[in-house]
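A structural walkthrough
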Amino acid sequence: FQAEDGIRDTSVTGVQTCALPIFVKFINKDQATNNTELIKKEIINSLIDRKIKDIETNYYKIEVSEKEIENNLYNYLEKIKINNETLNSFYNQNEIEKDYLKNIIKIDMKWSKLIRQMYESRLNVNLTEVNRDLEKEQKNSEEDEKLKKQLIFTEQNKLLNKFSATHLEKSKKKYLIKFL
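Residues numbered from 1 in each chain as written. Predicted model: local features only at pLDDT ≥ 70, side-chain atom pairs only at ≥ 80, totals over all residues. Heavy atoms only, no water.

1. Some details on the side chain of Lys102
Among the secondary structure elements, Lys102 is positioned in helix α5 (residues 100-119). On the accessibility criterion, Lys102 (16% relative accessible area) is buried. Setting aside chain neighbours within four positions, we find Lys102 in contact with Glu66, Ile69, Glu70 and Leu73. (Helix = DSSP H or I, 4+ residues; strand = E, 2+ residues; numbered from the N terminus. Buried < 20%, exposed > 50% of the residue type's maximum accessible area, 1.4 Å probe, protein only. Contact = heavy atoms within 4.5 Å.)

Take a look at the structure:
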């Protein structure tokens, strides 16, 4: 697609389009997928969102270190209980580029960093609500402090998620893509 401001002429490649459905089934192996139309729509939206996130983060020159990416990849694979050998075997069997998941994680990390940088000054958390939640728990003071930090972090992440969704929609409009 062509960006409104002429910044880039880029597209979602056929390899990405073919690899994502196979990859989604591999990652969600325990979940039944009955509604193929819904899955197709989600895949298309996911590809568009990822491409826009990539364009935006590149435009703002957002970078993450290779070590951060590797750590996140490792943690993700641990969480979904897939080891490197299984992942690499899957890539080879389905002729998917070796760094497919790593690239997805990199884009997501860059996007999170961009959103945090852009909206950090707007992360005002209602401390009255946090203190009210703390009172409900009534632990010792050391645990209170940890719980308070966790509650603040959770509230900030909720706000960041809202900012992320809003920014993504604005970016879609900026690049003349209508939500499918």
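2. As for a nonpolar patch on the surface
Taken together, the side chains of Tyr59, Tyr60 and Met118 define a hydrophobic patch exposed on the protein surface, amounting to about 260 Å² of accessible area. Relative to the elements of secondary structure, Tyr60 occurs in the loop between α2 (36-59) and α3 (66-79). Using a relative accessible area of 36% as the deciding quantity, one classes Tyr60 as partly exposed. (Patch = residues over 30% accessible without salt bridge, like charges linked within 9 Å, V, L, I, M, F, W, Y side chains within 5 Å. Areas by Shrake-Rupley, 256 points an atom, 1.4 Å probe, with all protein chains shown as cover. Salt bridge = Lys/Arg side-chain N within 4 Å of Asp/Glu carboxyl O.)

3. Some remarks on the environment of Ile43
One can find Ile43 in helix α2. The buried category is assigned to Ile43, whose relative accessible area is 10%. In this structure, the C-alpha to C-alpha distance between Ile43 and Val24, residues 19 residues apart in sequence, is 8.6 Å.

4. What about the environment of Ser65?
Inspection of the secondary structure assignment puts Ser65 in the loop between α2 and α3. For the pair Ser65 and Lys106, spaced 41 residues apart in sequence, the C-alpha to C-alpha distance is 9.1 Å.

5. Structural notes on α5
Taking 1.5 Å per residue, 20 residues should reach 28 Å; α5 reaches 29 Å between its end C-alpha atoms and fits that length. All buried positions along α5 are accounted for by Tyr100, Leu101, Lys102, Ile104, Ile105, Ile107, Met109, Lys110, Trp111, Leu114, Ile115 and Tyr119. (Expected span 1.5 Å × (residues − 1).)

6. A few points about the nonpolar core
Taken as a class, soluble globular proteins show a tendency for nonpolar side chains to be buried jointly. Grouped together as the largest cluster of nonpolar side chains are 17 residues, with contacts concentrated most on Phe23, Leu77, Leu87, Tyr91 and Leu101. Where this core is concerned, the elements lending two or more residues are α1 (14-27), α3, α4 (84-93) and α5. By residue number, the principal contributor to this core is α5, which donates five residues. Those residues within four positions of Leu87 in sequence are excluded, and the remaining contacts are Phe23, Phe26, Leu77, Ile82 and Leu101. The next biggest cluster of nonpolar side chains, apart from the first, holds 13 residues, and it includes Ile48, Leu114, Leu168 and Tyr175. (Core = buried A, V, L, I, M, F, W, Y, C linked by side-chain atoms within 4.5 Å.)

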